[in-house]
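Structural features, examined
For reference, the chains in residue letters:
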Amino acid sequence: MTEPFSVPVTVRGYETDVLGHLNQAVYLNYAEHARWSLLHAAGMTQATLVAKGVGPAALETTLRFRRELVAGDEVEVTCAFEWGGGKTFHIEQTIRKADGTVAAEVTAVVGLMDLKQRRLLPNPREFFKELSTDPALFGL
């Protein structure tokens with residue numbers, strides 16, 4: 001198995017709360033940044049998706065905090081797609097400190113929405129496979 005796609009992020013001071021910890025909502029921003037970075041690396045920009053009349057729709061997100069992050073911490077945010085047979089798929093992500101410590105885990109249930117009909121596409125896996133310049137990034 002290959003390593004999941006990842007992006008580096010440095011925790012910035014203005015992202016921390018009064019306790020000096022990374023604010024809870026920012027973890028989701030890091031996860032979203034990694035997702036869009038993966039899409040971009042695979043040749044799928046926001047403009048590309050809109051031109052095709054589709055967009056990703058987050059249906060559920062679970063965030064598990066494991067260890068604190070503070071200003072200056074260097075982290076890697078991974079992103080791995082897990083495909084099923086229906087209209088939705090899972091994105092598994094880990095936010096890991098430079099020493100390997102897992103700071104957080106994010107699991108998202110996502111679909112690909114037809115922007116005109118406002119309905120999920122029946123087989124997002126095939127859409128990603130066809131539109132991507134590097135389907136392997138999506139585990140395809």
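Shown above is the structure to which this text applies.
What you are looking at is a predicted structure, and each value in this text was computed from that prediction instead of being measured.

Thresholds, definitions, all that
Residues numbered from 1 in each chain as written. Predicted model: local features only at pLDDT ≥ 70, side-chain atom pairs only at ≥ 80, totals over all residues. Heavy atoms only, no water. Helix = DSSP H or I, 4+ residues; strand = E, 2+ residues; numbered from the N terminus. Buried < 20%, exposed > 50% of the residue type's maximum accessible area, 1.4 Å probe, protein only. Contact = heavy atoms within 4.5 Å. Core = buried A, V, L, I, M, F, W, Y, C linked by side-chain atoms within 4.5 Å.

What follows concerns the environment of Val-110. Looking at the element boundaries, Val-110 is found in strand β5 (residues 102-114). Residue Val-110 is classed as buried on the basis of its relative accessible area of 5%. As for Val-110 and Thr-10, which are separated by 100 residues in sequence, their C-alpha atoms are 26 Å apart. Non-local contacts of Val-110, meaning those with residues more than four positions away in its chain, are made with Pro-56, Ala-57, Leu-59, Lys-87, Thr-88, Phe-89 and Ile-91.

On to the environment of Thr-94. Looking at where Thr-94 falls in the secondary structure, it is placed in strand β4 (residues 88-97). Each C-alpha atom, one on Thr-94 and one on Glu-126, is 25 Å from the other, the two residues being 32 residues apart in sequence. Not counting chain neighbours up to four residues away, the residues in contact with Thr-94 comprise Glu-76, Val-77, Thr-78, Val-102 and Ala-104.

When you line up the elements, Arg-35 lands in helix α1 (residues 24-41). Residue classification places Arg-35 among the buried residues on the basis of a relative accessible area of 10%. If near-sequence neighbours (up to four positions away) are discounted, Arg-35 is found in contact with Cys-79, Ile-91, Gln-93, Val-106 and Ala-108.

On to the nonpolar core, then. Soluble globular proteins tend to pack their nonpolar side chains together in the buried interior. Tyr-30, Phe-81, Ile-95, Phe-128 and Phe-138 are the most contacted members of the largest nonpolar core, which totals 34 residues. Broken down by element, this core gets its largest block of residues, 6 residues, from α1. Not counting residues within four places of it along the chain, the set of residues in contact with Ile-95 comprises Tyr-27, Tyr-30, Leu-69, Val-75, Glu-76, Val-77, Thr-101, Val-102, Ala-103 and Ala-104.

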